[in-house]
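Commentary on secondary and tertiary structure
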Amino acid sequence: MLDSTGAGPDLSLFLGPDDTAEYVGAGPWRDRAGRCRPCLLYVILHRRGGEAWTHACRVPPDRRAGHLTLHLERALPGDRRAELAAWLRGRAGLGD
């Protein structure tokens, strides 16, 4: 998930030229099986053809070097970055 310099994941494969990704925080995430795993949390604003969609995403650690898994947890139309960032923080138990 993180490289040796402590840099965050390279999200460029998920972003178009007009898209933006904003780091929300790092924290535990309980999956559907009930396991709690650490994750990096992001909101991504996608802009295409006059439309915008905001995605709430999490990036868990991956034991395979060079691999990145991005989980889409929620998507809403429009620029809803603040709303989805708050949802991610609440879901992960992070304070504002």
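Structure: see above.
In every chain, residue numbers begin from 1 and rise along the written sequence. For this predicted model, a pLDDT threshold of at least 70 governs which residues receive local features, and a threshold of 80 or more governs which side-chain atom pairs are given and counted, while totals over whole chains, interfaces and linings are taken from all residues. The basis for every side-chain value is the complete set of heavy atoms in the structure, and neither hydrogens nor water enter the calculation.

Looking at the pattern of salt bridges
- The rule for a salt bridge is simple: a side-chain nitrogen of Lys or Arg has to be within 4 Å of a carboxyl oxygen of Asp or Glu. Taken as a whole and assessed by the stated rule, the structure comprises six salt bridges.
- Salt-bridge contacts for E83 lead to R80; the nearest nitrogen and oxygen are separated by 2.7 Å.
- A relative accessible area of 28% places R80 in the partly exposed class. Under the scheme applied here, a residue whose accessible area is under 20% of the maximum for its type counts as buried, over 50% as exposed, and between as partly exposed, the area being computed with a 1.4 Å probe on protein chains only.

Structural notes on the sheet that holds strand 2 (residues 36–48)
- One requirement defines pairing of two strands: DSSP has to find at least two bridges between them. Numbering of helices and strands runs from the N terminus; a helix is a DSSP stretch of H or I covering at least four residues, while a strand is a stretch of E covering at least two. Across the sheet, four strands lie side by side as 1-2-3-4; this open sheet has antiparallel pairing. Two strands lie at the open edges of the sheet, namely strand 1 (20–30) and strand 4 (71–77), each paired on one side alone. With direction set aside, neighbouring strand axes in the sheet form an average angle of 20°.
- As paired strands, strand 1 and strand 2 are joined by ten bridges and run antiparallel to one another. Opposite G27, over in strand 2, you have C39 as the bridge partner.
- Two residues form a contact once any of their heavy atoms are found within 4.5 Å. Simply put, an axis is a line fit to the C-alpha atoms, just over the touching stretch for a helix, and the angle between two N-to-C directions goes from 0 to 180 degrees. Its contacts with the sheet place helix 1 (residues 81–92) against strand 1, strand 2, strand 3 (51–59) and strand 4, and it is angled at close to 20° to strand 1.

Description of the nonpolar core
- One finds V24, W29, C39, L41, V43, A56, L76, L84, A85, L88 and A92 forming the largest nonpolar core, which totals eleven residues.
- Among the secondary structure elements, those contributing two or more residues to this core are strand 1, strand 2 and helix 1.
- Per element, the largest residue contribution to this core is four residues, and it comes from helix 1.
- Apart from the residues within four sequence positions on either side, L76 is in contact with W53, T54, E83 and L84. Note on terminology: a nonpolar core comprises buried Ala, Val, Leu, Ile, Met, Phe, Trp, Tyr and Cys residues joined through side-chain atoms within 4.5 Å.

A short note on the environment of E83
- Tracing the backbone through its elements, the reader meets E83 in helix 1.
- For the pair E83 and A56, spaced 27 residues apart in the sequence, the C-alpha separation amounts to 9.6 Å.

Looking at the side chain of D19
- Here D19 shows up in the segment before strand 1.
- Looking at D19, its side chain comes within polar contact range of the main-chain nitrogen of G16, at 2.7 Å.
- A polar atom in the side chain of D19 sits 2.8 Å from the backbone nitrogen of R47.
- Ignoring anything within four residues of it in the chain, the contact list for D19 reads F14, L45, H46, R47 and R48. The definition of a polar contact used here is a pair of N or O atoms within 3.5 Å, where within protein one atom must be able to donate a hydrogen and the other to accept one, and adjacent residues in sequence count solely through side-chain atom pairs.

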